[in-house]
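Next come the chains, spelled out residue by residue.
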Amino acid sequence: MAQYRPDDRSKPWDVVRYLRMSGDQQNKRSPDQQNDVIDERLQRNNLPWITNQSYRDEAKTGRMLRNRPDFNRMLADLKSGIVPARYILVDTIERFGRNEDLDELRRRLFRKYGISVLCADQDFADPNTQNGEAAALLENFRARADSRVKRHNVIRGKRDKIRQGFWPGSKPPFGFELHVVRTEPRGDRIVKHSHLVHHAVTAAITRSVFMKSVRNPSMGQGALAKWLNERADIPDEFKPFHPDTVGRWLCNPIYTGELVWAEFSTDIVDDMRILERNPDDEVMRVQDFCEPIIEKAIFDQVGQFREARRTNGKATDNTRRQVGMTYSYMLTGLVRCGTCGASMVPNGSSVYVTASGEERRYVSYLCAKSNAGLCTNKTRVQESWLRETVVGRLRERLFPMGTDESEPAWMTEIVGLVKAELERTHTERDVSRPALEREMSQLEEQTVGWSVSLANAGLAARLRQKIESDFSAALERVSEIQALLNRQDSEFRQVSQIVNPAAVSSRLERLSDVLSEDCPTLCNLMLSMHIESIVVPEDGQIVMRTCKLGSCPESMHWCGENEAEREATSGPQDQKTTKSRRRVRIATDDLVSGTEDAHLREIAEHVTNPNRFAGMPDDWFWTDTFVIPEKSCWSKDNAAAVLRRYLEVQAETGKKPSCNALAKEFGKSRPTILLALDYAQQGEGEPATKHRRKPTVKIKGNVEVERRIAELHDAGVLEKDIASEIGTSRSSITAALKRLYEDREVPKPDGRATRHQK
């Protein structure tokens, strides 16, 4: 390996700056102060570096990467070459982040792109030299240690408040409110110490949920949430209730008066927040912390019911720690409700065995909020039909048949759309090249004149100060214009690289191979690159939007509008519409291995972002509409065949065939064969007549029917004949007569010995 040679720091290297502050409660000028420190250190060390772009994240934690939009935009700009840079300048390494993955990120940026992260507090020391590597290790350790120390101090204070009987902080649980018992001045703020007390309204609601669960063990959290939402006695200010919220109530021992604190701790693994159970010796359990809302026996009984429903009598293993989500159905997360915007989740029936011995299970997509009564969309979409329809249409769009061209026609269309969008963006932002070049030329002429003036030793002090100020502002503006021109050149240059026909064709071949594999998680990854959403409204008209630029995900962050423009143009959101949230990270470790795993992780990070297509023009999408097919069944589809066979057997034997024999011949059940005969004998457009089935007649409580039964019985009509006239079973008539004689307070005659004797 060749020896590393440090850069010549006297050269005008291209750099970018990254500025960040962690929370809203911090100094609002913190990013500006960081920028001032970087300027000061550059001047002190006489470094003629050119800042091409500054990126800024406000109120964003440094422990995660995905939640920092400008940080990710910076990485995308640097990796694509849109913004040329040799260094990323930060005030301290903590501003770059506090994540353990940042070590690997810094190494990958340098090895693959030749970009180093330099810190102002280290006088921009090169981290790739031997001394720089040692300093970088110390910086990264300091950044992580700082987070651990802050966490320790916060936990120590909360534990102390709990020991004194005070609520440790955060919002009180539903059913309680905070009662301030003591205040304490600390510096420029007042710290309040509070006890938990029952809320006048919500405490009764919480107790009613526990009592409802005890009386109805089969009701899960979804059914309980629906029951709460339908109650007219609950004020609307507390609605709607969500199933997950109700589930958290039912397992929280605070409602029995016991505080269980620090049972779980949070951690960041693969840039994803996870919950981990703490050892028992770290968990604080305080009995009689507050007045209970329900009794401990009721709480334990509810917990037993929930555990029985969860396990269904089967043992479970919760020891395996899994990071990321794997899918059983490839369209999970892409199908959205057209009424409320929530994700439609796959719901499956239990596995059952048909008469032919085949195991079968029906799966359909249903709005996740409909079961809780939060959405009126009850439309179900069969998973197998939707999957085949979507994949088939996507193949037609991306792989058109019957063409002899080396690349599909839509490839040329994409290149034209990208170029047109870039020209529109630059025009709207008033960065036309001729105007910028004229402005830069004028500024350069002015700086030449100012340089001559500043060389005059007899120049007045006030005038010299004015010229120096204007000179500095002009130089900064020249740097900004040069950065804009460089970015514009890079963007137009990148069009031919990002929308590269060879690269796109290679990715499409990969998509075709993946769709042929039996791996729903991998298929979901690839489909999410192209499909924005599959919307299912209540009328059954499914609408799918497919991005034409799906094979070029690295270009989407600069082709569409930026985040600030989207927020400015977006109107207020309907409260009934579910806000799209980032999907749980998809587990890619078990899908592939080697270098392709890192590429898949980048794709997974991209496709789980709900705003990955936001701001892109409508003509960059294909819109397809599907109609949910009418529900059918085997009996309806094969009615003609069953009737034909029925008539054949009747013609051969001279008598009506056994439906059991037909069921065995077709490999179906007897009711299925009977229903098929009903469909075959009905008229055009008429409903099935339910072969050999009689309508159910309610007897108990029906005064007229019970009186008619009594009249027929007193007239000496046999029970089987009464059942035939009423249209019900003989056992129902027997039960009705038993109630009749109980009302008459006389024993019912034994019809087996003497019939109809009074």
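Residues numbered from 1 in each chain as written. Predicted model: local features only at pLDDT ≥ 70, side-chain atom pairs only at ≥ 80, totals over all residues. Heavy atoms only, no water.

Details of the sheet that holds strand 16 (residues 381-382)
Here's step 1: Strand order in the open sheet formed by 3 strands is 12-15-16, and the pairing between neighbours is antiparallel. What marks the edges here is a single partner per strand, and that holds for strand 12 (344-348) and strand 16. (Pairing = 2+ DSSP bridges. Helix = DSSP H or I, 4+ residues; strand = E, 2+ residues; numbered from the N terminus.)

Quick word on the pairing of strand 17 (residues 531-536)
Here's step 1: The pairing of strand 11 (residues 335-337) with strand 17 spans 3 bridges and is classified as parallel. Of the residues in strand 17, the one forming a bridge with Arg 336 is Val 535.
Here's step 2: Bridge analysis of strand 17 against strand 18 (residues 541-547) gives 4 bridges, and the strand direction is antiparallel. Opposite Ser 533, over in strand 18, you have Arg 545 as the bridge partner.
Here's step 3: Between strand 17 and strand 18, which follow one another and run antiparallel, lie 4 residues, and Gly 540 among them has a positive phi close to 85 degrees.

So, unusual backbone geometry
Here's step 1: Each neighbour pair has its own omega, and for Lys 239 with Pro 240 the value is 0 degrees, a cis peptide bond.
Here's step 2: Backbone geometry places Asn 46, a non-glycine residue, at a positive phi of 50 degrees.
Here's step 3: Relative to the assigned elements, Asn 46 resides in the loop between helix 1 (30-44) and strand 2 (50-57).
Here's step 4: Residue class for Asn 46 comes out exposed when judged on its relative accessible area of 65%.
Here's step 5: Of note in the backbone geometry, Phe 124 takes a positive phi value of approximately 55 degrees without being a glycine.
Here's step 6: By the secondary structure assignment, Phe 124 is in the loop between strand 4 (116-119) and helix 5 (130-163).
Here's step 7: The exposure class of Phe 124 is buried, given its relative accessible area of 0%. (Buried < 20%, exposed > 50% of the residue type's maximum accessible area, 1.4 Å probe, protein only.)

Re the packing of helix 6 (residues 202-215) against helix 7 (residues 221-230)
Here's step 1: With their axes 11 Å apart at the nearest point, helix 6 and helix 7 run at an angle of 130 degrees to one another. With respect to helix 7, the element helix 6 is oriented oblique. As helix 6 packs across helix 7, the resulting crossing turns out to be right-handed. Contacts from Ile 205, Ser 208, Val 209, Lys 212 and Ser 213 of helix 6 reach helix 7 at Leu 224, Trp 227 and Leu 228.
Here's step 2: Residue classes in the contact of helix 6 with helix 7 are distributed as 5 nonpolar, 2 polar and 1 charged. (Axes fitted to C-alpha atoms, helices over the stretch in contact; angles between N-to-C directions. Parallel < 35°, antiparallel > 145°, perpendicular 65-115°, else oblique. Left-handed = near helix turned anticlockwise from the far one by under 90°. Contact = heavy atoms within 4.5 Å. Nonpolar A, V, L, I, M, F, W, Y, C, P; charged D, E, K, R; others polar.)

Details of the environment of Pro 537
Here's step 1: Here Pro 537 shows up in the loop between strand 17 and strand 18.
Here's step 2: C-alpha separation for the pair Pro 537 and Thr 339, spaced 198 residues apart in sequence, amounts to 6.0 Å.
Here's step 3: Leaving out residues up to four positions away in the same chain, Pro 537 has contacts with Gly 338, Asn 377, Thr 379 and Ile 542.

Considerations on the packing of aromatic side chains
Here's step 1: Scanning the model with the defined rule gives 13 aromatic pairs in all.
Here's step 2: Look at Trp 49 and Tyr 87: their rings are 4.9 Å apart centre to centre, the planes differ by 45 degrees, and that puts the pair in the tilted class. Here Trp 49, found in the loop between helix 1 and strand 2, pairs with Tyr 87, found in strand 3 (residues 87-90); they are 38 residues apart in sequence, far enough to count as distant. Here the two residues Trp 49 and Tyr 87 agree in accessibility, since each one is buried.
Here's step 3: Seen in terms of ring centroids, Phe 613 and Phe 621 are 5.9 Å apart; in terms of plane orientation they differ by 75 degrees. Their pairing is edge-to-face. (Phe/Tyr/Trp six-rings, centres within 6.5 Å; stacked < 30°, edge-to-face > 60°.)

Quick look at the sheet that holds strand 3
Here's step 1: Across the sheet, 4 strands lie side by side as 2-1-3-4; this open sheet has parallel pairing. The sheet is open, and its two borders are formed by strand 2 and strand 4, each paired with just one other strand. The average angle at which neighbouring strand axes cross in this sheet is 25 degrees, direction not considered.
Here's step 2: As defined by bridge partners, strand 1 (residues 14-20) adjoins strand 2 across 7 bridges and the pair is classed as parallel. The residue of strand 2 that forms the bridge with Arg 17 is Ser 54.
Here's step 3: The strands touched by helix 1 within the sheet are strand 1, strand 2 and strand 3, with strand 1 carrying the most contacts at an inclination of about 145 degrees.

What about the side chain of Lys 161?
Here's step 1: Locating Lys 161 in the fold gives a position in helix 5.
Here's step 2: Buried within the structure, Lys 161 lacks any salt-bridge partner; its nearest side chain of opposite charge belongs to Glu 184, at an N-O separation of 8.1 Å.
Here's step 3: Excluding anything up to four places from it in sequence, Lys 161 contacts Phe 166, Trp 167, Pro 168, Lys 192 and His 193. (Lys, Arg positive; Asp, Glu negative; His and termini not counted. Salt bridge = Lys/Arg side-chain N within 4 Å of Asp/Glu carboxyl O.)

Here we look at the environment of Val 15
Here's step 1: With respect to the element layout, Val 15 can be found in strand 1.
Here's step 2: For the pair Val 15 and Asn 52, spaced 37 residues apart in the sequence, the C-alpha separation amounts to 6.0 Å.

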